[in-house]
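Letter by letter, the chains look like this.
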Amino acid sequence: MPRTDRMRAVHGCVCTLLLLAFLGGCAAADFAPGYDPQTATQVAATYKAVTRFYMRLRETAEGERAYAGFAPGYDEVAVEMKTLAWSARRQAHNRASRDMARRLQADWREIEARHRKRDSYADALADIDEQRLDNLLDDMASVESYKRKLPDGD
Amino acid sequence: MEMDFEQVFRDMLAAARDRLDARGPQARNYLREVMEQQKDVLARLARDRVSGALSDEDLRMELEAVRADVTVALEGLEVIARETAESAWNAAVKVLLEALTAAI
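Reading guide: rules and limits
Residues numbered from 1 in each chain as written. Chains lettered and ligands numbered in written order. Predicted model: local features only at pLDDT ≥ 70, side-chain atom pairs only at ≥ 80, totals over all residues. Contact = placed C-beta atoms within 7 Å. Helix = DSSP H or I, 4+ residues; strand = E, 2+ residues; numbered from the N terminus. Nonpolar A, V, L, I, M, F, W, Y, C, P; charged D, E, K, R; others polar. Buried ≥ 20, exposed ≤ 12 C-beta atoms within 10 Å, placed from the backbone. Expected span 1.5 Å × (residues − 1). Axes fitted to C-alpha atoms, helices over the stretch in contact; angles between N-to-C directions. Parallel < 35°, antiparallel > 145°, perpendicular 65-115°, else oblique. Left-handed = near helix turned anticlockwise from the far one by under 90°.

A. Summary view of the interface of chain B and chain A. Of the residues lining the interface, 37 residues belong to chain B; the matching set on chain A comes to 35 residues. Broken down by secondary-structure element, the contributors of at least two residues to the side of chain B that touches chain A are helix 1 (5–51), helix 2 (56–73) and helix 3 (76–103) of chain B. At 15 residues, helix 3 of chain B tops the list of elements feeding residues into the side of chain B that touches chain A. Residues of the side of chain B that touches chain A, tallied by class, amount to 19 nonpolar, six polar and 12 charged.

B. Structural view of the environment of Glu2(B). Residue and element names in this part refer to chain B. With respect to the helices and strands, the residue Glu2 is situated in the segment before helix 1. Residue classification places Glu2 among the exposed residues on the basis of 5 C-beta atoms within 10 Å. Counting along the chain gives 100 residues from Glu2 to Ala102, while the straight-line C-alpha distance between them is 9.5 Å.

C. Just helix 4 (residues 95–118) of chain A, in detail. With 24 residues, helix 4 of chain A should reach 34 Å at 1.5 Å per residue; the first-to-last C-alpha distance of 34 Å fits that figure. Those residues of helix 4 of chain A that sit buried are Ala96(A), Ser97(A), Met100(A), Ala101(A), Arg103(A), Leu104(A), Trp108(A), Ile111(A) and His115(A). Taken together, the buried residues of helix 4 of chain A touch helix 2 (37–59), helix 3 (71–89) and helix 5 (123–147) of chain A together with helix 2 and helix 3 of chain B. Among the residues trailing helix 4 of chain A, Asp119(A) stands out with phi positive, at a value near 55°.

D. Structural context of the packing of helix 1 of chain B against helix 3 of chain B. Residue and element names in this part refer to chain B. Between helix 1 and helix 3, the shortest axis-to-axis distance is 8 Å and the interhelical angle comes to 160°. On the basis of their axis angle, the class for helix 1 and helix 3 is roughly antiparallel. Our pair here, helix 1 against helix 3, has a crossing hand that is right-handed. Looking at the contact of helix 1 with helix 3 residue by residue, the classes come out as 18 nonpolar, four polar and five charged.

E. Expanded view of the environment of Gly76(B). In this fold, Gly76(B) is placed in helix 3. Of the residues examined, Gly76(B) has 24 C-beta atoms within 10 Å and is grouped as buried. Ignoring any residue separated from it by four or fewer positions in sequence, one finds Gly76(B) in contact with Ala96(A), Asp139(A), Ser142(A), Val143(A) and Tyr30(B).

Okay, here's the thing in structure tokens:
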């Protein structure tokens, strides 16, 4: 085959491959949220802050849990939850994680408001509240892990 | 080279079905996880109300909170559904592109 024909054939192949790659890019779907390591890390940080808060609470006798002594603890957890909500908001197609992060914040505000109003926090309520918060954080961690692509790569 | 599109389409469906089959259990597992979590919370609420550790007002507030928690937790199913649908579609498109590459 003359050199110019060979070059034309190679050129044709390259153009075809580029066209197929372009078509593949256009046709490939991208409507699922991607895995976000920052959100996953922040879920763990929030879990740790919640655990620390309830450990401190239980170290204090049930009758001596006036709100004022725990106000800084509420702020520490609120900062972690706000950071988590911010992290979830940054990503596209991420409504579920955003709503879960917002629900966590709403839960925490309700728990704090009740503590402030009653100026006490009973063990029975603390156990249930901590479990509910843990559950939501577990669910957020699960959702992040489901976003990881499987080995098939698509 | 000729391209049998009916066969290609059957292969596309098979590829998509494989992905749906592979990811189907994920939604079931997630739902089971959420239900088990709430079972523990509800059992604790019932036990503590019966023992008197919780008042009627506490119970009402906690049940309302559980309802709101479950509502958002179940949104996680949407993530799994979207990821599954995306994967199935992309697998089908990959088959089509491979067939086109071979035919051209």
